[in-house]
Amino acid sequence: MIRTTLLKHRSISVSDFRCTAGPGDKPFTEQFHCHSVSFVRKGSFGCQSRGRSFDLVPGSVLVGFPGDEYVCTHDHVCGDECLSFFLEPELVETIGDRQDAWRVGAAPPLPELMVFGELAQAAVDGRSDIGLDEVGHLFASRFVDAVSDRARKPVAIKTRDRRRAVETAHWIEANSHQPIDLDAAANQAGTSAFHFLRLFAKVLGVTPHQYLVRSRLRHAARLLTEENTAITDIAYDVGFGDLSNFVRTFHRAAGVSPGAFREAARGKRKILQESQALH
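Because the structure is a prediction, the values reported are computed rather than measured.

Concerning unusual backbone geometry
Residue arginine 50 is not a glycine yet carries a positive backbone phi of 50°. Locating arginine 50 in the fold gives a position in the loop between strand E5 (45–49) and strand E6 (52–56).

Here's what the structure looks like:
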């Protein structure tokens, strides 16, 4: 595990984690030392904590609660990358210290988190004038609001089925710019569409189509922060077949239009502040 500290402020710190562990590596017990939210950028891994098991793929969020022990596993894919935000108690109290949010263990790929995860990465890469600490506050606040009413109940699923879901999620992520329907995803997983739909949702917390749309949103958010490509071209390049649908879907996830999101990434903080005030 390679950890790079990107920011360390009084109320929040940010680190980049790059893990090279694979199926042959023995897992070990770790412990969360503070509240944290870790945005999965690449790869996948499993996590066991407080008697529950989670499978995380790009766009998922690992949630840490002080004192909780956890074990990360790498049964499906070798390596993963995460952008992690560590919050001090006073910031958690300000944002909202709701137990139902901070003890969920992990959050599935939610659109309202994925787009801000990409904005945070843009700040890390120097592609945005917004401070990384600012994005961290926005991301953590958005997380609490998004998951407070979405805690998942534990579900017993076979290891083989977990692997199918995770591997298919990676396939969807890699091909999200192309047309993908339920049958195509189920064929990739080697199971019936009916079984695959239930399986995928149980393992990852979202349906295959939801993950497809959210992967497209994540790619679009990244392109909006790093390129001057026309918004119409970005919409079609990431897989949206209709511009109005893209604009509507993006606005619902980010709280602002794609154009306003691009302006915010270039330093117009007021846009995001006004967006947050509406939630």
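Quick word on the pairing of strand E4 (residues 35–43)
Burial within E4 is extensive, with 8 of its 9 residues counted as buried. Pairing geometry for E4 and strand E9 (residues 80–87), over 8 bridges, is antiparallel. Bridge pairing in E9 links glycine 43 to aspartate 80.

With respect to the packing of helix H3 (residues 111–124) against helix H8 (residues 208–226)
Relative orientation and spacing of two packed helices are given, respectively, by the angle between their axes and the distance between those axes. Between H3 and H8, whose axes approach to 9 Å, the crossing angle comes to 30°. What the angle tells us is that H3 and H8 run roughly parallel. Here H3 and H8 pass one another in a crossing that is right-handed. Within the contact between the two elements, H3 uses Pro111, Met114, Val115, Glu118, Leu119 and Ala122 and H8 uses Arg214, Ser215, Leu217, Arg218, Ala221, Arg222 and Thr225. For the contact of H3 with H8, the residue count by class is 7 nonpolar, 2 polar and 4 charged.

Comments concerning the sheet that holds strand E3 (residues 29–31)
Read from one edge to the other, the open sheet built from 4 strands follows the order E3-E8-E5-E6, with strand pairing classed as antiparallel. Two strands bound the open sheet, and with one partner strand each, they are E3 and E6. Pairwise comparison of adjacent strand axes, ignoring direction, gives a mean angle of 30° for this sheet. Alignment of E3 against strand E8 (residues 69–73), held across 3 bridges, turns out to be antiparallel. Its bridge partner being in E8, glutamate 30 is matched across the sheet by tyrosine 70.

Re the packing of H3 against helix H4 (residues 132–147)
Running from N to C, H3 and H4 point in directions that differ by 170°, and their axes come no closer than 9 Å. The angle between H3 and H4 places the two elements in the roughly antiparallel class. Listed contacts from H4 to Glu112, Leu113, Phe116, Gly117, Leu119, Ala120, Ala123 and Val124 of H3 are Leu132, Val135, Leu138, Phe139, Arg142, Phe143 and Ala146. Across the contact of H3 with H4, the residue classes tally to 12 nonpolar, 1 polar and 2 charged.

Focus on the pattern of salt bridges
Close approach of charged atoms allows side chains of opposite charge to pair. Taken as a whole, this structure holds 15 salt bridges when the rule is applied. Residue aspartate 68 is joined to arginine 103 by a salt bridge in which the shortest nitrogen-to-oxygen separation is 2.7 Å. Of the two residues, aspartate 68 is situated in the loop between strand E7 (61–64) and E8 and arginine 103 in the loop between helix H2 (99–102) and strand E10 (106–107); the sequence distance between them amounts to 35 residues. Judged by relative accessible area, which is 11%, aspartate 68 ranks as buried. Residue arginine 103 is classed as partly exposed on the basis of its relative accessible area, which comes to 26%.

Comments concerning helix H7 (residues 193–204)
A rise of 1.5 Å per residue sets the reference length of H7, with its 12 residues, at 16 Å; its end C-alpha atoms lie 16 Å apart and thus fit the reference within 8%. Those residues of H7 that sit buried are Phe196, Leu199, Phe200, Val203 and Leu204. Seen along its axis, H7 keeps its buried residues to an arc of 100°; they face one direction. Elements that come into contact with the buried residues of H7 comprise E6, helix H5 (159–174), helix H6 (182–189) and H8.

Digging into the side chain of serine 148
Considering the arrangement of structural elements, one finds serine 148 in the loop between H4 and H5. Its relative accessible area of 6% is what places serine 148 among the buried residues. Side-chain polar atoms of serine 148 contact the side chain of arginine 98, separated by 2.8 Å. At 2.5 Å, the side chain of serine 148 forms a polar contact with the backbone oxygen of valine 144. Those residues within four positions of serine 148 in sequence are excluded, and the remaining contacts are Arg98, Asp100 and Ala101.

A closer look at the nonpolar core
Phe85, Leu87, Trp102, Phe143 and Phe250 are the most contacted members of the largest nonpolar core, which totals 55 residues. Residue contributions to this core peak at 9 residues, all from H4. With near-sequence residues (within four places) excluded, tryptophan 102 lies in contact with His35, Ser36, Val37, Val63, Gly64, Phe65, Leu87, Val92, Gly96, Asp97, Phe143 and Val144. Counting residues in hydrophobic clusters, the runner-up holds 18 residues, among them Ile180, Val203, Val206 and Tyr211.

Some words on the environment of threonine 94
Assignment of secondary structure puts threonine 94 in helix H1 (residues 89–95). Judged by relative accessible area, which is 66%, threonine 94 ranks as exposed. Sequence separation between threonine 94 and threonine 159 is 65 residues; the distance between their C-alpha atoms is 39 Å. Of the polar contacts made by the side chain of threonine 94, one reaches the backbone oxygen of glutamate 90; its length is 2.9 Å.

What counts, and where the lines are drawn
- Residues numbered from 1 in each chain as written.
- Predicted model: local features only at pLDDT ≥ 70, side-chain atom pairs only at ≥ 80, totals over all residues.
- Heavy atoms only, no water.
- Helix = DSSP H or I, 4+ residues; strand = E, 2+ residues; numbered from the N terminus.
- Buried < 20%, exposed > 50% of the residue type's maximum accessible area, 1.4 Å probe, protein only.
- Pairing = 2+ DSSP bridges.
- Axes fitted to C-alpha atoms, helices over the stretch in contact; angles between N-to-C directions.
- Parallel < 35°, antiparallel > 145°, perpendicular 65-115°, else oblique.
- Left-handed = near helix turned anticlockwise from the far one by under 90°.
- Contact = heavy atoms within 4.5 Å.
- Nonpolar A, V, L, I, M, F, W, Y, C, P; charged D, E, K, R; others polar.
- Salt bridge = Lys/Arg side-chain N within 4 Å of Asp/Glu carboxyl O.
- Expected span 1.5 Å × (residues − 1).
- Arc of directions from axis to C-beta.
- Polar contact = N/O pair within 3.5 Å; in protein donor to acceptor, adjacent residues only side chain to side chain.
- Core = buried A, V, L, I, M, F, W, Y, C linked by side-chain atoms within 4.5 Å.

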